[in-house]
Amino acid sequence: MAEQPPRHVKVVTVAKKDVIRPNRGGGGEHENFREVTADFRGGLVSEIDALAAFAEERAQVAAGVPVVGKVSLLKKAMAKSYRPKAIFDSKTCPVIGGRDANEMLVSVTADGVKALRQRVRTTKTKKGEFALSTIDTISPYTADDAAGSMGVAGLQKYVKEKRPVLRCELFTHGQAIDKRISASFVAHAEAEGAVAELVRPESPLPVYRVANVSPKAAVKLAEFPGTRRLSTFATYYINQASGKTRDKLTDVQCPGPVKGRSYPTVGIVDTAVAQGVRVLEPWIAGRYSIVAKGQHVEEHGTFVAGLVANAGALNGLDSRFPRVASRVFSVEALGKDGLSQERLEQVLEQMVVEHPEIRVWNLSLQQDDPCTDDSFSDLARFLDELSDRFDVIFVVAAGNTNGYPPRRWPAATLGAHDRICGPADSVRALTVGSIASRDSKTTLARKEEPSPFSRRGPGPAFLPKPEIVHYGGNCDGSQKFDGVGVTSVCPKGHAAESIGTSFAAPIVSTVVANLDGLVEMPVSRPLAKALLVHSAQLGMEVPHREIPYRGFGRPGDVAQLISCAPNEATLIFEPQLRYGEAFEKNPFPIPACMRTSTGKFRGEIIATVAYDPPVDPKFVAEYCRTELEFSFGIWVPGEKPGTFEQRGKVPPLPTKPEQMKEEFLVKERFKWSPVRVHRKKYPKGTEGDVWRMALTLYYRDNEEANRLPPQRAAVIVTLRALEKDLPVHAQMEAAMAKAGWLVNDLRLRDAVRTRIRT
C-alpha cells in the first residue's frame, strides 16, 4: 500500500479584518452590595482614623516613607469591575498592589488619608456609594503582615536559632518615593547592625539581601513601613530514590547521535552528569560547574541527561515515550546539600546569557514549601523574568511528596502536603507532573494513573499546574518500584531504574526542544505550550477533578503534535491584540461531513488557548494582568433588529447565577489563567447555521493598557468527527480555501522528517 501523504496541522494567517473593536457597552450601573448608611460610613471613618494613627506612629520610625493600608473587599465584590476606584485614587490613597483577590494595598500619606476620610464621609454619587458598598474593612499593613506566615514572633525565633541571611522585598509607590524608601531601608538596617545589599535591581519590586541580622533587627526590619515581605532564601535540592542497576548499556539500548544530523540542545541545571560514560558522552554539548569537590554527586544529573538524549530507546522503544533526541548542556549547580535560591538565580541568569543558542532549560529540582492560593514563589517569578528577557522555555518538575506516605489513586487527600512547590508555580514555565507507565499487583497506581509521589495543583490563583504529565514511574506503599520505574543511565554507564517527577520533566524537555528546532516556522513560547497541551487533550479528555493531578494529559511525540487523523482538522491561530480589540473568525467553516441531514453540527470541538500575560508581582494573587476570553459558538440575531450575538457552545456558557460569579469562573473555568482548554462533544448534533470563533482581550485595570505591550496568543482548534472514516481534514482544507483563508502547513524541515518517522 502506498504511503499516505501527511495531513498537517494548519497555520491560519490572521487577516486585518479578523481583528475587530467590539462594542462592549458601558456595563450599566451596579446595585449596591449593602446599604450605605451613616453608621456604615462612621465605621469606615473609625478604621481610617486608626490607619492615620498607625501612619503617624510609623513616621517616627522612617520619616518620609509612606505606610501601606489594606482594603479588604466583600467576597462577592472580587470582580475587577467592582473595584472601589471612586474612593481610592491619586487624590486619596492610591492602589499600589494587592495580596489575594479580595484585598487591595494602598499608599497612605497624611494628606491622602485626610482626603480619604472626607470622601468616605461625604460622597453621595451613585459610583461613590457603590464603591463604598464593596468595602469590608480598612486596616494597616503591619509587621506581622511583612513577616508572612511566621509572624514577627516566629521570625524572631527563627533568626535566633538559624541566624540566616534574610530576603527583603520592598513596596513601590512611585519612582521618586521608591528611591527614598530604598535609601531609608539601607540606613535602617545599618542602624541595627545588619548589612542590606540590593540583589535584584531589575526586578519590579526591589529585593535586598540582608546579612548579620539579630533577632532584634529582624523585628525592626519587619516594622519598617516600606517592607512588603521579609523571608529567607529557599534551598533547592534534588531527590532520587535508590534504584536497581542493570547490565551495561549497549549502542542499541542507548544509540549515539547520527553523523550529519543536527540535534537541539537542552540545558539541564542539576547535579553533575558523570564524565566518561561511553553511551552518554557523545550527547554532551558542554559542561559548567559551581559545585565544590566535596559536594559532588552524579546519579541524578546523569539519569536526567540520559532521558533528554534517549528516553525512547532506553525504555525499550515503548511507543508512549518520544523517539526524538537532544544533546545536553550540563550545569552542575546542586551538590549534596542543595543550593540556595540566591545562588541558583545567579547561575540561571549567567547560563541563559552565556548560551543564547539554548532555548529549553530543564529544572528537575524542588524545595518543600507548598505554594498557596495567593502567593507565587520567588524563584517562579524569577523564571518568569528570565523567560521574558531572554525568550527561553523552562520545563519544571512538579516535585515529589518527600516525607509523606505515597498517595493512592483515586487520590487520598494529603491537605497541602502534596501541593506543588516553587518553582513549579512559574506562570511562564511548562510544569510537568508524573504518571505511571507500568504497574504490578502491589503498586498504588495503575498504569496511566498519577504517580503516588507526584505533587498536585492548582498553582497560586488556581492556575492549572502541572499543565501536562509524562512517565516518572510507580511504587508501592513502601516506595519500592522494581520493574515499574523509568529506565535511564547511571554514572557507570549501566541501565538504571528510578522514579520521580524529576524524570518526567526531561522527557518533555526533549520534545519541546525538538519541536522548537525542527518545525519550519518560528515557535513562540505560547505556541510551544499550546501544542503540547493540545496534543495531550487529543489523546484523552481529563476529567476536571483530575486536572490538578494530570494537568491536561500526556502529550505525544513531535510527529503527533504536527499531524492530523483523517477525521480531524487542527488549526493554529496566533493573533496579537491591543486594548479594546478582539479576534474573530466569522463565519467559521464547518466541513459538510460534520453536518447531519437536518443541518446540525455533529462531532467534537477541542480548543486550547495559551498566552504570556503581563505579570506584576505587586498584585500577588492577581499577578497575571490580562485575560483572553475564548468563545466558539453560533452567530445568531440579537434582540435588537439588525444586531447579532454569539451563543457559546464550547463549552456552553454558564447559566446558573452561582456559575457566573468571579470566584466560580476563576476556580472552575480558569479565568485569568494563561493556559485553558475548551471542549464539547455533540453526539446527537446541535443546531447552528453560522459558527464563529472569538478571542477578546481584557485587563485587570484598563489604566494599565496603554503601557503594556500587545498581547500575543496561540489558539489551537480541532474539529473531530465521531466516525473515523469521515474526511474532515480534506473537507476543511477545501472549505478554508473557499472562504479565502490564507493557510500554510505546520511542517518539519525536510532534513528531519525521515528521522522522526524511523
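The model shown is predicted, which means the values in this text are computed figures rather than measured ones. (Residues numbered from 1 in each chain as written. Predicted model: local features only at pLDDT ≥ 70, side-chain atom pairs only at ≥ 80, totals over all residues. Heavy atoms only, no water.)

1. Quick look at the overall build of the protein
Okay, step 1: In terms of regular secondary structure, the protein is built from 17 helices and 32 strands.
Okay, step 2: Taking 27 Å as the expected radius of gyration for a compact globule of 758 residues, we find that the protein reaches 27 Å, a close match to that expectation.
Okay, step 3: Considering only C-alpha atoms, the protein reaches an extent of 85 × 80 × 45 Å along its principal axes.
Okay, step 4: Here the protein, with 758 residues, has 58% of them falling under the buried criterion.
Okay, step 5: The contacts in the protein between residues at least 6 apart in sequence include a share of 81% that link residues at least 24 apart.
Okay, step 6: Surface exposure of the protein reaches about 31600 Å², of which carbon and sulfur atoms provide 50%.
Okay, step 7: In the protein, the 103 positive side-chain charges and the 89 negative ones have mean positions that sit 3 Å from each other. (Helix = DSSP H or I, 4+ residues; strand = E, 2+ residues; numbered from the N terminus. Rg over C-alpha atoms; globule rule 2.2 N^0.38 Å. Buried < 20%, exposed > 50% of the residue type's maximum accessible area, 1.4 Å probe, protein only. Contact = heavy atoms within 4.5 Å. Areas by Shrake-Rupley, 256 points an atom, 1.4 Å probe, with all protein chains shown as cover. Lys, Arg positive; Asp, Glu negative; His and termini not counted. Charge placed at Lys NZ, Arg CZ, Asp CG, Glu CD.)

2. Details of the packing of helix α9 (residues 341–354) against helix α10 (residues 378–390)
Okay, step 1: Interaxial distance between α9 and α10 falls to 11 Å at its minimum, and their mutual angle equals 15 degrees. Classified by the angle between their axes, α9 and α10 sit roughly parallel to one another. Read as a crossing pair, α9 and α10 show a hand that is right-handed. Contact with α9, carried on its side by Gln-341, Leu-344, Glu-345, Leu-348, Glu-349, Val-352 and Val-353, involves Asp-378, Leu-379, Phe-382, Leu-383, Leu-386, Arg-389 and Phe-390 of α10 and no other residues of that element.
Okay, step 2: The class makeup of the residues in the contact of α9 with α10 is nine nonpolar, one polar and four charged. (Axes fitted to C-alpha atoms, helices over the stretch in contact; angles between N-to-C directions. Parallel < 35°, antiparallel > 145°, perpendicular 65-115°, else oblique. Left-handed = near helix turned anticlockwise from the far one by under 90°. Nonpolar A, V, L, I, M, F, W, Y, C, P; charged D, E, K, R; others polar.)

3. Quick word on the pattern of salt bridges
Okay, step 1: For the structure on display, the rule yields 57 salt bridges.
Okay, step 2: Here Arg-381 and Glu-169 are joined by a salt bridge, their closest N and O atoms 2.5 Å apart. Here Arg-381 is found in helix α10, whereas its partner Glu-169 is found in strand β7 (residues 166–170), with 212 residues between them in sequence. Here the two residues Arg-381 and Glu-169 agree in accessibility, since each one is buried.
Okay, step 3: What you see here is one network of salt bridges that share partners, running through Arg-359, Asp-388, Asp-391, Arg-428, Asp-516, Arg-525 and Asp-612. (Salt bridge = Lys/Arg side-chain N within 4 Å of Asp/Glu carboxyl O.)

4. Some details on the confidence of the model for the protein
Okay, step 1: Put simply, the protein has an average pLDDT of 92, and 96% of its residues get 70 or more.
Okay, step 2: Taken as a whole, residues 751–758 scores under 50 in pLDDT and shows 16 contacts with residues more than four places along the chain or in a different chain. (pLDDT = per-residue confidence, 0-100.)

5. Things to note about helix α2 (residues 110–122)
For an α-helix, the turn length of 3.6 residues means that residues three or four places apart are oriented alike.
Okay, step 1: Compared with an ideal rise of 1.5 Å per residue, which puts 13 residues at 18 Å, α2 spans 19 Å between its outermost C-alpha atoms and is within 8% of the ideal.
Okay, step 2: In this structure, the buried residues of α2 make contact with α1 (38–59), β5 (103–108) and α3 (126–133). (Expected span 1.5 Å × (residues − 1).)

6. Structural notes on the environment of Ser-319
Okay, step 1: Structurally, Ser-319 is set in the loop between α8 (299–314) and β15 (327–332).
Okay, step 2: When the C-alpha positions of Ser-319 and Ser-502 are compared, they lie 21 Å apart, and in sequence the two are 183 residues distant.

7. Examining the environment of Tyr-208
Okay, step 1: Checked against the element boundaries, Tyr-208 lands in strand β9 (residues 207–211).
Okay, step 2: The buried category is assigned to Tyr-208, whose relative accessible area is 5%.
Okay, step 3: Note: C-alpha distance between Tyr-208 and Gln-156 (52 residues apart in sequence) is 18 Å.
Okay, step 4: When near neighbours in sequence (up to four residues on either side) are disregarded, Tyr-208 contacts Leu-166, Arg-167, Cys-168, Leu-170, Ser-182, Phe-185, Val-186, Ala-196, Glu-197, Leu-198 and Val-199.

8. Notes on the packing of aromatic side chains
Okay, step 1: Summed over the entire model, instances satisfying the criterion amount to 22 aromatic pairs.
Okay, step 2: Ring centres of Tyr-82 and Phe-130 lie 5.9 Å apart, and the angle between their planes is 65 degrees; on these two criteria the pair is classed as edge-to-face. With a gap of 48 residues between them, Tyr-82 in the loop between β3 (67–73) and β4 (95–98) and Phe-130 in helix α3 connect regions that are remote in the sequence.
Okay, step 3: Judged by its relative accessible area of 7%, Phe-130 falls in the buried class.
Okay, step 4: Seen from their ring centres, Phe-588 and Trp-741 are 5.5 Å apart, and the 80 degrees between their planes marks the pair as edge-to-face. Here Trp-741 lies in the loop between α16 (728–739) and β32 (743–745) and Phe-588 lies in the loop between β25 (582–585) and β26 (601–611), a separation of 153 residues in the sequence.
Okay, step 5: Its relative accessible area of 11% is what places Trp-741 among the buried residues. (Phe/Tyr/Trp six-rings, centres within 6.5 Å; stacked < 30°, edge-to-face > 60°.)

9. Here we look at the pairing of β5
Okay, step 1: Where burial is concerned, most of β5 is hidden: six out of the six residues are buried.
Okay, step 2: Along β5, one buried face is formed by Glu-103, Leu-105 and Ser-107 and the opposite face, lined by Met-104, Val-106 and Val-108, is buried too.
Okay, step 3: Direction of pairing for β4 relative to β5: antiparallel, over a ladder of three bridges. Paired with Val-95 across the bridge in β5 is Val-106.
Okay, step 4: Between the antiparallel neighbours β4 and β5 lie four residues. (Pairing = 2+ DSSP bridges.)

10. Structural notes on α9
Okay, step 1: Here α9 contains 14 residues, and its C-alpha end-to-end distance of 20 Å stays within 8% of the 20 Å for a straight helix at 1.5 Å per residue.
Okay, step 2: Looking only at α9, the buried set comprises Gln-341, Glu-342, Leu-344, Glu-345, Val-347, Leu-348, Met-351 and Val-352.

11. Overview of the layout of surface pockets
Okay, step 1: For the second largest pocket, the calculated volume is near 1100 Å³.
Okay, step 2: Along the walls of the second largest pocket sit 43 residues, with Gly-148, Ser-149, Arg-229, Ser-231 and Ser-375 positioned nearest its centre.
Okay, step 3: Breaking the lining of the second largest pocket down by element, the ones donating at least two residues are β5, α4 (143–147), β10 (227–232), β11 (235–236) and α10.
Okay, step 4: With five residues, the single largest contributor to the lining of the second largest pocket is β10.
Okay, step 5: Considering only residue class, the lining of the second largest pocket consists of 19 nonpolar, 11 polar and 13 charged. (1 Å grid on protein atoms, 1.4 Å probe; cavity = no way out; pocket = protein on both sides within 12 Å on 5 of 7 lines; lining within 4 Å. Points joined across faces, edges and corners; volume = space filled by probe spheres on them.)

12. Overview of the environment of Gly-338
Okay, step 1: Position of Gly-338 among the secondary structure elements: in the loop between β15 and β16 (339–340).
Okay, step 2: On a C-alpha basis, the gap between Gly-338 and Thr-235 in space is 6.4 Å, while along the polypeptide they are 103 residues apart.
Okay, step 3: Not counting residues within four places of it along the chain, the set of residues in contact with Gly-338 comprises Thr-235, Tyr-236 and Tyr-237.

13. Focus: the sheet that holds strand β28 (residues 644–648)
Okay, step 1: The antiparallel open sheet is built from five strands, whose spatial order is β2-β25-β30-β27-β28. Either end of the sheet is taken by a strand with one partner, and the two such strands are β2 (19–20) and β28.
Okay, step 2: For strand β27 (residues 626–637) and β28, the ladder comprises five bridges, and the chain directions are antiparallel. Following the sheet pairing, Pro-637 is matched in β28 by Phe-644.

14. A few points about the packing of α1 against α2
Okay, step 1: In contact at an axis separation of 9 Å, α1 and α2 are set at 175 degrees when each is read in the N-to-C sense. Looking at the two axes, α1 sits roughly antiparallel to α2. Here Arg-41, Leu-44, Val-45, Ile-48, Asp-49 and Ala-52 of α1 lie close against α2, whose contacting residues are Val-113, Leu-116, Arg-117, Val-120, Arg-121 and Thr-122.
Okay, step 2: Of the residues that constitute the contact of α1 with α2, the class distribution is seven nonpolar, one polar and four charged.

15. Concerning the side chain of Arg-407
Okay, step 1: The topology assignment puts Arg-407 in the loop between β18 (393–397) and β19 (430–435).
Okay, step 2: On the accessibility criterion, Arg-407 (3% relative accessible area) is buried.
Okay, step 3: A polar contact of 3.0 Å, which involves the side chain of Arg-407, links it to the side chain of Asp-418.
Okay, step 4: Of the polar contacts made by the side chain of Arg-407, one reaches the backbone oxygen of Ser-451; its length is 3.1 Å. (Polar contact = N/O pair within 3.5 Å; in protein donor to acceptor, adjacent residues only side chain to side chain.)

16. Notes on the sheet that holds β4
Adjacent strands of a sheet form backbone hydrogen bonds with each other and so pair up, either parallel or antiparallel.
Okay, step 1: With respect to topology, four strands assemble into an open sheet ordered β4-β5-β3-β6, the strand pairing being antiparallel. For this open sheet the edge positions go to β4 and β6 (135–140), each flanked by a neighbour on one side alone. Direction aside, the axes of adjacent strands within the sheet are offset by 30 degrees on average.
Okay, step 2: α1 rests against β3, β5 and β6 of the sheet, and its axis sits at about 20 degrees to β6.

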